[in-house]
Every structure is written in structure tokens, then in C-alpha cells.
Amino acid sequence: MSDSRSAELFERAKVSIPGGVNSPVRAFRAVGGSPVFIASAAGATLTCADGTRYTDYIGSWGPMILGHAHPAVVAAITEAAAKGTSFGAPTEGEVLLAEKVKSLYPSIEMLRCTSSGTEATMAAIRVARGFTGRSTVVKFEGCYHGHADFLLVKAGSGAATFGVPDSAGVPEGSARNTMTAAFNDVPGLEALFAAHGSDIAAVIVEPVVGNMGCVPPDAGFLEAILALCTKHGAVSIFDEVMTGCRLSSGGYQGRVGLTPDMTCLGKIVGGGMPLAVYGGKRAIMEQVAPVGPVYQAGTLSGNPVAVAAALTTLARLDAALYTHLEALGAQLEGGLNSALAEAGVEGCVQRVGSMITLFFTKGPVRHWGHASSSNTKQFAVFHQQMLSRGEYWPPSQYEAAFLSGAHTEALVAQTVKHAHEALRVVATSS
Ligand code: KE4
């Protein structure tokens, strides 16, 4: 399906916006071609600038768990906006939202709203540093926590344990306090703590990684993080910006019964509006100004329109939704596996709930070193073939695809049919 209007808009956009997009992954650089410009969306369907319709498996990178333009969410936003769009002052809605989040996440005793996941993780780490009086932060290769300088860090070379910048513009000094470890590598993390435990302020982890593709934790991995943090006086931070309210209404921690010291939420918690959350143990969160010495602020933090979308969305995260998402996830997983087998293409499908990735490498994928060995050329062919059949799949091997409550068994069956066709083309591509 060609979309000439999108191509025209993309050329115009590139004159005024870097890469023509307001966030890099949207530019389709990893898969080729030019991005589809969206005109509207409803339920599981996107309508692009020239009228072409797609079944959406990105869901705005996770937020749209109820489907696009949910009538109750749209009504709540409209009603809130008519009362004023921003006050820069406390509102009852923010109290209700804080109490609702606490009811869903027992590990969160106090919380703050921010306007993005990046702000939430940046603030959580600053608070952990203030609480412990330490500077070093540990992250895992392949995990993404937003674009704060000290999180755009990759493993140093050789024996170097401290990170090096993973982006231009990040000073060496910003990377110096960040150490990286391999996801699912408990011995490696234990060695890091043995050598540096007294310096480590926090360990931040995506409990189920979405940002190298969907990579679940091995049994015991997250428990080891929590135990090592407790033993060495470091703060454990679950970055559930993607998994929060996605893998259960209480995130992955709620699905498996774990209790991190701090949690970051985003995407779904804001109902698709610019709202994210960081929070955790009361003793830690009471470090935050104006109560404590750690400064964090935001003009639009807890914005009333975003809060209205958030409350309306969270109120609809019921058991029936997750049962539906689990059934569709299993249907899609089984269908993609059968399509891989039928086409004779080497790959694996990894899924937790309604987060799913088709990897073009032999599974299981347990860490970045393995994920990064995926055949991204084959992924690009798969993406292009799916797009041409009206399936809007994430334009990167290293992203998760998402289902929503608006997806149906029939839509997923159609997607599986298209995946069989797309993978037959992949099999014959060089
Ligand atoms: P934002 O600043 O984009 O709201 O959140 C950053 C962030 C933090 N933590 C996790 C686990 C995340 O997945 C994200 C953002 N996710 C990406 C998609 N992988 C957002 C899409 C984009 O960057 O355009």
C-alpha cells in the first residue's frame, strides 16, 4: 500500500524537524522506506494521511492498551479541558491518581507525577543518589530508560567497568558513574557488587525488557537484584514505564509478586497523555523537595487533562481485559511460530502477556549479546511486507509489539495470515 501523502509530508517534515520526526524510532531508519503519517486512530485501527488503514501493533509504543480514542477516555479529556488545561497548582485529581496508583502498586508508598518516562527515571535515580549519598548507578545492556545523559551509556571496553557515552553530547563525566551489566547474568552482577557494592546508589532494570525486543527475566534474576541491593544498601528501581499496567494492572511486579524499592511508570499510566510516575518507599520519597533535599519539578507535572485520561484508563484495567489480552497474545504467538516454521525461517517468538517480539535469530534470547545477533535485514523485509498488507508492526527488531483490548481474534487471525505471506518472502530474500 503506497502512501504518497505521507511521503510528501515526510519530505516537508525533514526541512523543519530532525529526521522529520519528533522521536528517532518513528523515522523507519531501521527498516527502510518512509514513515506512515497518521491522520486518526480508533480501536485497533490507524488511518493514515491518504486514507489507508492499518492494524496497529505499536499502540503509541505501549500506552494504548484500551485501544485508540476510547470513548470514555476522550470524554474525560474533553470534560477536563473545558475546565482549564493547566493550573500549575494542586488539584483533587492528582490526589485521586496518587491513591489509585498506590492501590495498584503496594510497593509505592509515595509518588510524583512527571510528564515523561525519561523524567521519571532521571528523577528516581537522583532521589536514590540523594537517599544513599552514593553516585554509581547500574543498568543492563539492551535496557532503555529514556534519554537522560547518565543513562545513554554503553559498556566500557575490556575490563573497564564504568560506562562510556552511547550518544554524542554526553560528557565522559556523565557516563563515569554508570556501570553496565548483562541482563540475566547473576554471577556478573554479584561480581559487580563485590567490587563496588559500597558505591552503588541504585540498580535500574526493565523487569521484562521491551527495548531489545521482548526478553523476559530468567527465574531468580530479579530476585537476585533485589537481594543484592538490600545487602549492599543500594536502591532497586523497576523501570515499568513499558510493563506497568501492561503485564497486569500492577505491572510485572504485580504479576510475579516482587517488591522493588522504587518504580517508574509511564505510557499506560497516563492513558496516552504526557504523564509518568516515579515512586517507592516513603523513607526514600521523603527525600524529594519540598520535604527533603532532592530537587525535582515540572510545570506540567500532574496536568489535569492528563490526569483525567489516566484515571479513566486505570479504572478500566480489569481482569477481563487481561484475560482477553492473554488469549490474543497466545493466538498471535502461536500463529507467528507456525509462520516461521512453515516458511523455514530461523527465528523465535518471545512474549509476556500482550508484549511480543518476533526475533530473527535462534532463541531463546536472554540478553543483548544474543538479541543483537538478530538478522535485521530479514526483519526489515518482514516489516515492509507486513506494512504493505496493512499491518503496522514496530519498525525495529529491538522493540516489542503490543496488543490492545480493541484487538479481536479475527484481526489477529488476519495478521497471522499476513505473517505467513511476509515470512515466505523473507525466506526467498537474500
Ligand atoms: P519516554 O521519555 O519516551 O516517555 O519514556 C522513556 C522510557 C523509559 N523506560 C522505558 C522502559 C521505555 O520503554 C521508555 C520509552 N520507550 C520507547 C520505546 N521503546 C518510546 C518510543 C520512543 O522513544 O519514541
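Residues numbered from 1 in each chain as written. Predicted model: local features only at pLDDT ≥ 70, side-chain atom pairs only at ≥ 80, totals over all residues. Heavy atoms only, no water.

A. Geometry of the overall build of the protein. Secondary structure summary: the protein contains 14 helices and 16 strands in total. What you see for the protein is a C-alpha radius of gyration of 21 Å, in line with the 22 Å of a compact globule of 430 residues. When its C-alpha atoms are laid out on the principal axes, the protein stretches across 55 × 55 × 45 Å. Taken across its 430 residues, the protein has 54% of its residues classed as buried. In the protein, of all internal contacts separated by at least 6 residues, the share reaching a separation of at least 24 is 72%. Summed over its atoms, the accessible surface of the protein is roughly 17,100 Å², and 55% of this surface lies on carbon and sulfur atoms. (Helix = DSSP H or I, 4+ residues; strand = E, 2+ residues; numbered from the N terminus. Rg over C-alpha atoms; globule rule 2.2 N^0.38 Å. Buried < 20%, exposed > 50% of the residue type's maximum accessible area, 1.4 Å probe, protein only. Contact = heavy atoms within 4.5 Å. Areas by Shrake-Rupley, 256 points an atom, 1.4 Å probe, with all protein chains shown as cover.)

B. Just empty space enclosed by the protein, in detail. Counted according to the given criterion, the structure contains one cavity of 30 Å³ or more. Considered as a void within the structure, the largest cavity measures approximately 60 Å³ in volume. Considering the residues around the largest cavity, the lining is formed by 14 residues, among which Asp 56, Gly 59, Met 64, Ser 404 and His 407 are closest to the centre. (1 Å grid on protein atoms, 1.4 Å probe; cavity = no way out; pocket = protein on both sides within 12 Å on 5 of 7 lines; lining within 4 Å. Points joined across faces, edges and corners; volume = space filled by probe spheres on them.)

C. Spotlight on the side chain of His 383. With respect to the helices and strands, His 383 occurs in helix α13 (residues 376-388). The buried category is assigned to His 383, whose relative accessible area is 2%. Not counting residues within four places of it along the chain, the set of residues in contact with His 383 comprises Phe 28, Val 31, Trp 393, Pro 394 and Pro 395.

D. Quick peek at the site of the ligand. As a matter of local geometry, the ligand sits amid 16 residues, with Ser 23, Thr 118, Asn 211, Asp 239 and Glu 399 nearest to it. Residue Asn 211 places a side-chain N or O atom 2.4 Å away from a nitrogen atom belonging to the ligand. Between Lys 267 and the ligand, the recorded distance is 3.1 Å, taken from a side-chain N or O atom to a nitrogen atom. Burial of the ligand by the surrounding chains reaches 85%, relative to a free accessible area of 540 Å². When grouped by side-chain class, the residues that make up the shell around the ligand number five nonpolar, seven polar and four charged. Domain assignment of the residues forming the shell around the ligand places at least three in each of domain 1 (4-69 + 318-429) and domain 2 (71-314). (Near = heavy atom within 4 Å. Polar contact = N/O pair within 3.5 Å; in protein donor to acceptor, adjacent residues only side chain to side chain. Nonpolar A, V, L, I, M, F, W, Y, C, P; charged D, E, K, R; others polar. Domains from an automatic or database assignment.)

E. Fine view of helix α14 (residues 409-428). The end-to-end C-alpha separation of α14 is 29 Å, in line with the 28 Å expected for 20 residues at 1.5 Å each. Turning to α14, its buried residues number three or more, namely Leu 411, Val 412, Thr 415, Val 416, His 418, Ala 419, His 420, Ala 422, Leu 423 and Val 426. Those residues of α14 that are buried are in contact with β3 (53-56), α11 (319-343), β14 (355-359), α13 and β15 (391-392). (Expected span 1.5 Å × (residues − 1).)

F. Summary view of the sheet that holds strand β5 (residues 136-140). Strand order in this open sheet of seven strands is β4-β12-β11-β10-β9-β5-β8, and the pairing throughout is mixed. Both outer strands of the open sheet, β4 (110-114) and β8 (178-181), are each paired with one neighbouring strand and no more. Sheet twist, expressed as the average angle between the axes of neighbouring strands with direction ignored, equals 20°. As paired strands, strand β9 (residues 200-205) and strand β10 (residues 235-240) are joined by four bridges and run parallel to one another. Across the sheet, Val 205 pairs through a bridge with Phe 238, a residue of β10. (Pairing = 2+ DSSP bridges. Axes fitted to C-alpha atoms, helices over the stretch in contact; angles between N-to-C directions.)

G. Examining the domain arrangement of the protein more closely. By domain assignment, the protein separates into domain 1 (4-69 + 318-429) and domain 2 (71-314). Computed from C-alpha atoms alone, the centre-to-centre distance between domain 1 and domain 2 is 26 Å. If you look at the interface, domain 1 gives 29 residues, while domain 2 gives 31 residues. Taken together, the two surfaces of domain 1 and domain 2 that pack against each other cover about 2,300 Å², and 62% of this comes from carbon and sulfur. Of all residues in domain 1, Val 352, Met 355 and Arg 366 give up the largest surface area on contact with domain 2, accounting jointly for 27% of the area buried on that side. Applying the counting criterion to the domain 1 and domain 2 interface returns two salt bridges. Residues Asp 218 and Arg 366 are paired through a salt bridge, measuring 2.4 Å at the closest nitrogen-oxygen approach. (Buried area = accessible area lost by both parts, 1.4 Å probe. Salt bridge = Lys/Arg side-chain N within 4 Å of Asp/Glu carboxyl O.)

H. Examining the layout of surface pockets more closely. Taken as a whole, the second largest pocket holds about 590 Å³ of empty space. Lining the second largest pocket are 28 residues, with Glu 94, Ala 98, Leu 111, Arg 112 and Cys 113 sitting closest to its centre. Elements supplying a minimum of two residues to the lining of the second largest pocket: α3 (92-104), β4 and α9 (282-285). Grouping the constituent residues of the lining of the second largest pocket by class yields 15 nonpolar, seven polar and six charged.

I. Just the packing of α11 against α14, in detail. Across the interface, α11 lies against α14 with an axial gap of 9 Å and an inter-helix angle of 20°. The angle between α11 and α14 places the two elements in the roughly parallel class. Our pair here, α11 against α14, has a crossing hand that is right-handed. For the pair formed by α11 and α14, the contact residues are Leu 328, Gln 331, Leu 332, Gly 335, Leu 336, Ser 338, Ala 339, Leu 340, Glu 342 and Ala 343 on the first element and Glu 409, Val 412, Ala 413, Thr 415, Val 416, Ala 419, His 420, Leu 423, Arg 424 and Ala 427 on the second. Taken together, the residues that form the contact of α11 with α14 break down as twelve nonpolar, five polar and three charged. (Parallel < 35°, antiparallel > 145°, perpendicular 65-115°, else oblique. Left-handed = near helix turned anticlockwise from the far one by under 90°.)

J. Geometry of the pattern of salt bridges. Taken as a whole and assessed by the stated rule, the structure comprises eleven salt bridges. Lys 14 is the salt-bridge partner of Glu 11, the closest N and O atoms lying 3.1 Å from each other. One end of the pair, Glu 11, and the other, Lys 14, are both in helix α1 (residues 4-16), three residues apart, so they sit about a helical turn from each other. Residue class for Lys 14 comes out partly exposed when judged on its relative accessible area of 38%. Put simply, Glu 333 and Arg 351 hold a salt bridge, and the shortest N to O gap is 2.7 Å.

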